[in-house]
Amino acid sequence: MTSSPRTRRMPAALAALALTMAFGIFGAMPVAAQTASLMQYEGADRTEKLIAGAAKEDNTLTLYTAFRPEDLPAILAPFEKKYGIKVKPWRSGSDNVTQRVLSEASGKRFEVDAIMMPAQDMEAVRREQLLQPVKSPFQKDLAKGAVPAHREYASVLLNVVVQAYNPTVLKKEDLPKSFEELADPKWKGKLGIEAKAEEWYTTVVNSRGEQKGIKMFHDIVQANGVSVRLGMSLLHNLVLAREVPLALTMYIDLAEKSKRAGKPIDWFSLDPAVAQGFNIGLARQSPHPNAALLFYDYMLSPETQQLLASKFYYPASAKVASPYPELAKSMKFVDPVYTVDNYDKWSKSYRDVVTNQAGGQAK
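Residues numbered from 1 in each chain as written. Predicted model: local features only at pLDDT ≥ 70, side-chain atom pairs only at ≥ 80, totals over all residues. Heavy atoms only, no water.

Undergrad: Which residues make up unusual backbone geometry, and what values go with them?
TA: Outside of glycine, negative phi angles account for most residues, and trans bonds account for most peptide bonds. Following D271, the chain continues into P272 via a peptide bond in cis, with omega recorded as 10°. Checked against the element boundaries, P272 lands in the loop between β8 (266-268) and β9 (273-282). Of note in this structure, F312 is not a glycine but carries a positive phi near 75°. The topology assignment puts F312 in the loop between α12 (302-310) and β10 (314-315). On the basis of relative accessible area, F312 is assigned to the buried category, the value being 18%. (Helix = DSSP H or I, 4+ residues; strand = E, 2+ residues; numbered from the N terminus. Buried < 20%, exposed > 50% of the residue type's maximum accessible area, 1.4 Å probe, protein only.)

If you want it as structure tokens, here you go:
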């Protein structure tokens, strides 16, 4: 569920289109105003109004998401059962989700109601004025920073990146205590990394200070090399297969699920553990705004946040216990605005320092 907002700079025509959309297109000004009002409604009968409104929309909802495919059905099923709303999901990597949203908007095809993907990609879509501000009674329960002031997206969970290893190859007592220790020659040929981990790299580098952090990664790669792999799931599988004894980047839930299933993998966290929001936003031109807002509330509700935690995700709600309380004090958060603003700089640095030096093209 990670990627880079490569599509954030759109042609001027698309920007103009987005402005037109904000005020209602195809003469739909009253509908747009009505939808905007709905998204801000906080009355005690909010849910009842949304249920009634969703019924008039044929009880359907279109979702575009980069959520993990193996868990998506279990997340959607309780919503469908509770409200009788059929969710039509389209799932892909966040680059593809972003491209589809922008392409459909450019073609004046407004099919999507709700979008869920990493925060930096959601920020790229927001800048094209394709999302709308939302108020929800569950926003107050979320951790600090989960809902920006514009309220056009909110974190559903945190994608926490840690380090993972195969315990049949490496002993726990031999694991490094810091990133700096990875420059030791004993790690030569044992390290792997995700090809699109620019946001993680940026956060770790900045935690050291830019020059010092870049030198740290340079020293690691020059001394020991690193196997660059495209996709966190692939890297996870290669750890299991002993091909990559130590992965520098791994979503914590992937490692934890496999560990609990008895597979040869475990995780640990070098400082800092990097967390990025996995966010939900509602399309400004949603064809089913009532169903979309019900789904938004559902994803932020304590029940769904607890469901996410039970599947070893790090919930965004401050009222739901995380499966990983030991990480709370060491986490550093990816800033989606900084990421989009500085993407060119840091993607080039990641290529120059890590992926190109490690042997070029990701496998």
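Undergrad: Any chance you could break down the pairing of strand β1 (residues 60-65) for me, citing the residues and the numbers?
TA: Judged by how many residues are buried, β1 sits mostly within the fold: 6 of 6 residues are covered. Because side chains alternate across β1, one face comprises the buried residues T60, T62 and Y64, and the other comprises L61, L63 and T65, equally buried. One ladder, built from 6 bridges, connects β1 with strand β2 (residues 86-91); its direction is parallel. Across the sheet, residue L61 finds its bridge partner in β2, namely V87. Regarding the hand of the β-α-β motif, the stretch spanning β1, helix α4 (residues 72-83) and β2 is right-handed. As paired strands, β1 and strand β3 (residues 114-118) are joined by 3 bridges and run parallel to one another. Note on β3: the bridge partner recorded for T65 is M116. (Pairing = 2+ DSSP bridges. Right-handed = clockwise from strand over helix to strand, strands pointing away.)

Undergrad: Describe in detail the packing of aromatic side chains, supporting the description with residues and values.
TA: Under the defined criterion, the tally for this structure stands at 16 aromatic pairs. For the ring pair F79 and Y298, a centre distance of 5.3 Å and an interplane angle of 50° mean the geometry is tilted. One end of the pair, F79, is in helix α4; the other, Y298, is in helix α11 (residues 289-300), and 219 residues separate them in sequence. Comparing F79 with Y298 shows no difference in burial state: the two are buried. Judged by centre distance (6.1 Å) and plane angle (70°), the ring pair of Y201 and W346 falls under edge-to-face. Within this pair, whereas Y201 is found in helix α7 (residues 198-208), its partner W346 is found in helix α14 (residues 343-355), the two being separated by 145 residues in sequence. (Phe/Tyr/Trp six-rings, centres within 6.5 Å; stacked < 30°, edge-to-face > 60°.)

Undergrad: Report on the pattern of salt bridges, specifying residues and quantitative values.
TA: Taken as a whole and judged by the stated rule, the model has 21 salt bridges. A salt bridge links R109 to E104; the nearest nitrogen and oxygen atoms lie 3.5 Å apart. In this structure R109 comes out as partly exposed when scored by relative accessible area, which is 40%. With a shortest N-O distance of 2.8 Å, K215 and D219 are connected by a salt bridge. Residue K215 and its partner D219 are located together in helix α8 (residues 210-224), separated by 4 residues, close to a single helical turn. Judged by relative accessible area, which is 29%, D219 ranks as partly exposed. (Salt bridge = Lys/Arg side-chain N within 4 Å of Asp/Glu carboxyl O.)

Undergrad: Please set out the side chain of E256 residue by residue, giving values where relevant.
TA: By the element assignment, E256 lies in helix α10 (residues 252-260). Among residues more than four places away in sequence, those in contact with E256 are W267, F312 and Y324. (Contact = heavy atoms within 4.5 Å.)

Undergrad: Outline the environment of T355, listing residues and values.
TA: Positionally, T355 belongs in helix α14. You can call T355 buried: its relative accessible area is 8%. For the pair T355 and K196, spaced 159 residues apart in sequence, the C-alpha separation works out to 9.3 Å.

Undergrad: Go over the nonpolar core with me, naming the residues and quoting the values.
TA: Of all hydrophobic cores here, the largest spans 56 residues; its most connected members are V160, L182, W200, Y201, F217, L327 and V354. For this core, the leading source of residues is strand β4 (residues 154-165), giving 6 residues. Not counting residues up to four positions away in its chain, the partners in contact with L182 are P176, W187, L191, I220, N224, L246, L248 and L270. Judged by nonpolar contacts, the second largest core, of 52 residues, contains I75, V87, V97 and A292. (Core = buried A, V, L, I, M, F, W, Y, C linked by side-chain atoms within 4.5 Å.)

Undergrad: Break down the environment of A105 for me, citing the residues and quoting the values.
TA: As for its placement among the helices and strands, A105 is situated in helix α5 (residues 94-106). Distance in space between the C-alpha atoms of A105 and L130 is 7.9 Å, their sequence separation being 25 residues.

Undergrad: So what's going on with α11? Residues and values would help.
TA: End to end, α11 covers 17 Å across 12 residues, agreeing with the expected 16 Å (1.5 Å per residue, within 8%). Among the 12 residues that make up α11, 12 are buried, leaving the element largely enclosed by the rest of the structure. Those residues of α11 not exposed but buried are P289, N290, A291, A292, L293, L294, F295, Y296, D297, Y298, M299 and L300. (Expected span 1.5 Å × (residues − 1).)

Undergrad: Before we move on, could you go through the confidence of the model for the protein and cite the residues and values that matter?
TA: Counting all residues, the mean pLDDT for the protein is 91, and 89% of those residues have values of 70 or more. Note on residues 2-30: pLDDT is under 50 here. Beyond four places in sequence and across chains, it has 67 contacts. (pLDDT = per-residue confidence, 0-100.)

Undergrad: Would you mind going over the packing of α7 against α14 in detail, with residue names and values included?
TA: For the pair α7 and α14, interaxial distance at closest approach is 9 Å and the crossing angle is 85°. Comparing the axis directions of α7 and α14 gives the class roughly perpendicular. Along its contact with α7, which presents E198, Y201, T202, V205 and N206, the element α14 presents Y343, W346, S347, S349, Y350, V353 and V354. Its residues placed into classes, the contact of α7 with α14 shows 7 nonpolar, 4 polar and 1 charged. (Axes fitted to C-alpha atoms, helices over the stretch in contact; angles between N-to-C directions. Parallel < 35°, antiparallel > 145°, perpendicular 65-115°, else oblique. Nonpolar A, V, L, I, M, F, W, Y, C, P; charged D, E, K, R; others polar.)

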